[in-house]
Amino acid sequence: MTDMILTNAQIVLDDEVIRGTVTLRGGRIAGIDPGGTAARGEVDLDGDMLLPGLIELHTDNLERHLEPRPNVDWPHAAAILAHDGELASTGITTVFDALRVGSIHTGKGRYEKYARTVANEVFALRAQGALRINHYVHLRAEICSETLAEEMAEFGPDDRVGIVSLMDHTPGQRQFRDIAKLKQYVAKKRSMTDDEFDDHVAHLKGLQADNGDRHEAEAVAHARRYGAVLASHDDTTADHVAVSASHGMRLAEFPTTREAAEACHANGIQVMMGAPNLIRGGSHSGNVAAHELAEAGLLDIVSSDYVPSALMSSAFLLADLWDDVPRAIATVTANPARATGLTDRGRIAPGLHADLVRVGRIEGTPVVRGVWCHGRQVG
Ligand SMILES: [Fe+2]
């Protein structure tokens, strides 16, 4: 791979931002030097910031491209390529594509199986060199479902499953403690009458009673078999966090209360919150505000959740809030890398992957002006 020199950059390192030059060689970062360079052919970043490529642990964005309108099944290869390109354009160079496992074939709120097929399609495009950025799989294991164990059995250690999150979306708890908020969300999305919604809630509660404990144990066992990191999802109480810690979890997705976030830190669990929550100033399902956790020092990782560009925006929002650029950038780079055991990326340091983003700011808004993944320009 061709050498490249990026000069006149504000380089965001672990604990400081320095003006200087980064040299890339063979897809890796070869050197970091304060000041300019006498070499020819360098790329002048004109004083823009140079960040590590962003690492996204939980995005629904692929699902949005696969189903751009309710019940519209878009051709999958086109959807995957559009998703990949969109992420590259926002500075994301490693993504864990969130795919749900555990379906419901009965009742009004049905969910069909799709994760295995889509994972195969992503891997096929990857093998053909069609993808711009690095893709891993994040299996979202829906405990309150009918088919979790069968669907998870179809994945194995070679399937790049980096994260398994245990989700329990049974109404009346966790993300949907407030049933009125759930009704607003589900009834609108699936156009249910009041009676249909009540039946739906009763059906889900029945599934949890029948399958919850067994599914939880099986999901933990499958995650170990894949070599994946286990994550909790929507932990609400200190008791939930204690159960997560007992499974060896080190990553918590979207704890819904400050109490849960504090319990996570007491148990050495990194807290991840959604960028849209941070940017909108609160949660759409009525849970704790991400900025409250950020101000309390309880926010470690940000995920773009359902808006890819929100990852970069929220990193700069945190940089302003904390008045600390390296600490804020770490929430979307070094911290998610550490949480998932990716020791070869997430920081600008010699020997790591040359996954880099050039960013300027126009009236506070970050503007992505260049993206390199493993030294190749992809955005
Ligand atoms: Fe959730």
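Residues numbered from 1 in each chain as written. Predicted model: local features only at pLDDT ≥ 70, side-chain atom pairs only at ≥ 80, totals over all residues.

1. Quick word on the overall build of the protein
When you go through the protein residue by residue, the secondary structure sums to 13 helices and 16 strands. For 379 residues, the compact-globule estimate of 2.2 N^0.38 gives 21 Å, and the protein sits close to it at 21 Å. For the protein, the C-alpha atoms occupy an extent of roughly 70 × 45 × 35 Å along the three principal directions. Counting all 379 residues of the protein, 46% fall into the buried class. Of the contacts made within the protein by residues no fewer than 6 positions apart, 67% connect residues no fewer than 24 positions apart. (Helix = DSSP H or I, 4+ residues; strand = E, 2+ residues; numbered from the N terminus. Rg over C-alpha atoms; globule rule 2.2 N^0.38 Å. Buried ≥ 20, exposed ≤ 12 C-beta atoms within 10 Å, placed from the backbone. Contact = placed C-beta atoms within 7 Å.)

2. Structural notes on unusual backbone geometry
With phi around 50°, F254 is a residue other than glycine that occupies positive phi space. Notably, D323 is not glycine yet its phi reads approximately 50°, a positive angle. Of note, D323 is situated in the loop between helix 11 (310-322) and helix 12 (325-330). Residue class for D323 comes out exposed when judged on the 9 C-beta atoms lying within 10 Å of it.

3. Details of the nonpolar core
Judged by nonpolar contacts, the single largest core of 98 residues is most densely connected at L50, L139, A141, M273 and L311. Residues from two domains meet in this core; each of domain 1 (1-53 + 345-379) and domain 2 (54-343) gives at least three. Dropping the residues within four chain positions of it, M273 is found in contact with F254, L278, A290, L293, L299 and V302. (Core = buried A, V, L, I, M, F, W, Y, C linked by C-beta atoms within 7 Å. Domains from an automatic or database assignment.)

4. Notes on the domain arrangement of the protein
Segmenting the protein into domains produces domain 1 (1-53 + 345-379) and domain 2 (54-343). Computed over C-alpha atoms only, the centres of domain 1 and domain 2 are separated by 30 Å. If you look at the interface, domain 1 gives 21 residues, while domain 2 gives 22 residues. When residues of the side of domain 1 that touches domain 2 are traced back to their parent elements, those giving at least two are strand 5 (49-52), strand 14 (356-362) and strand 15 (365-373). Among the elements that line the side of domain 1 that touches domain 2, the one with the most residues is strand 15, at 4 residues. Here the side of domain 1 that touches domain 2 is built from residues that sort into 12 nonpolar, 3 polar and 6 charged. (Nonpolar A, V, L, I, M, F, W, Y, C, P; charged D, E, K, R; others polar.)

5. Quick word on the pairing of strand 15
Where a strand is regular, its side chains alternate between the two sheet faces. Examined bridge by bridge, strand 14 and strand 15 share 7 bridges and lie antiparallel to one another. The residue of strand 15 that forms the bridge with R361 is P366. Where strand 14 hands over to strand 15, the hairpin turn is made up of 2 residues, of which E363 adopts a positive phi near 50°. As judged from the 2 bridges shared by strand 15 and strand 16 (residues 376-377), these two strands associate in the antiparallel manner. By the bridge assignment, W372 is partnered in strand 16 with Q377. (Pairing = 2+ DSSP bridges.)

6. Section: helix 6 (residues 194-226)
The end-to-end C-alpha distance of helix 6, which contains 33 residues, comes to just 42 Å, noticeably less than the 48 Å that a straight helix rising 1.5 Å per residue would cover. Bending of helix 6 peaks at approximately 60° at the position of N211. Looking only at helix 6, the buried set comprises H200, L204, L207, H215, A219, H222, A223 and Y226. Looking at the packing, one finds that the buried side of helix 6 touches strand 8 (134-142), helix 4 (148-153), strand 9 (161-167) and strand 10 (229-233). Backbone geometry just after helix 6 places G227 at a positive phi near 80°. (Expected span 1.5 Å × (residues − 1). Bend = angle between axes of the 7 residues up to and from the residue.)

7. Observations concerning the packing of helix 2 (residues 76-89) against helix 3 (residues 115-127)
Running from amino to carboxyl end, helix 2 crosses helix 3 at an angle of 65°, the nearest separation of the two axes being 10 Å. Relative to helix 3, the element helix 2 lies roughly perpendicular. For the pair helix 2 and helix 3, the sense of crossing is right-handed. Contacts between helix 2 and helix 3 involve H76, A77, I80 and L81 on the former and, on the latter, V118, E121, V122 and L125. Class assignment for the residues of the contact of helix 2 with helix 3 results in 6 nonpolar, 1 polar and 1 charged. (Axes fitted to C-alpha atoms, helices over the stretch in contact; angles between N-to-C directions. Parallel < 35°, antiparallel > 145°, perpendicular 65-115°, else oblique. Left-handed = near helix turned anticlockwise from the far one by under 90°.)

8. Here's the deal with the sheet that holds strand 13 (residues 301-303)
Read across the open sheet, the 8 strands follow the order 6-7-8-9-10-11-12-13; overall the sheet is parallel. Edge strands, defined here as strands with exactly one partner in the open sheet, are strand 6 (54-59) and strand 13. Strand-to-strand twist across the sheet, computed as the mean angle between neighbouring axes with direction ignored, equals 25°.

9. Quick notes on helix 7 (residues 238-246)
When helix 7 is considered as a whole, its buried residues turn out to be H240, V241 and S244. With its buried residues spanning 95° around the axis, helix 7 presents them on a single face. Residues of helix 7 that are exposed and point more than 90 degrees away from the buried face comprise D239 and S246. Those residues of helix 7 hidden inside the fold are in contact with strand 10, strand 11 (251-253) and helix 8 (258-266). Positioned one or two residues after helix 7, G248 has a phi angle of 80°, which is positive. (Arc of directions from axis to C-beta.)

10. Looking at the environment of R280
Here R280 is to be found in helix 9 (residues 275-280). Taking C-alpha positions, R280 is 9.7 Å from H291, a pair spaced 11 residues apart along the chain.

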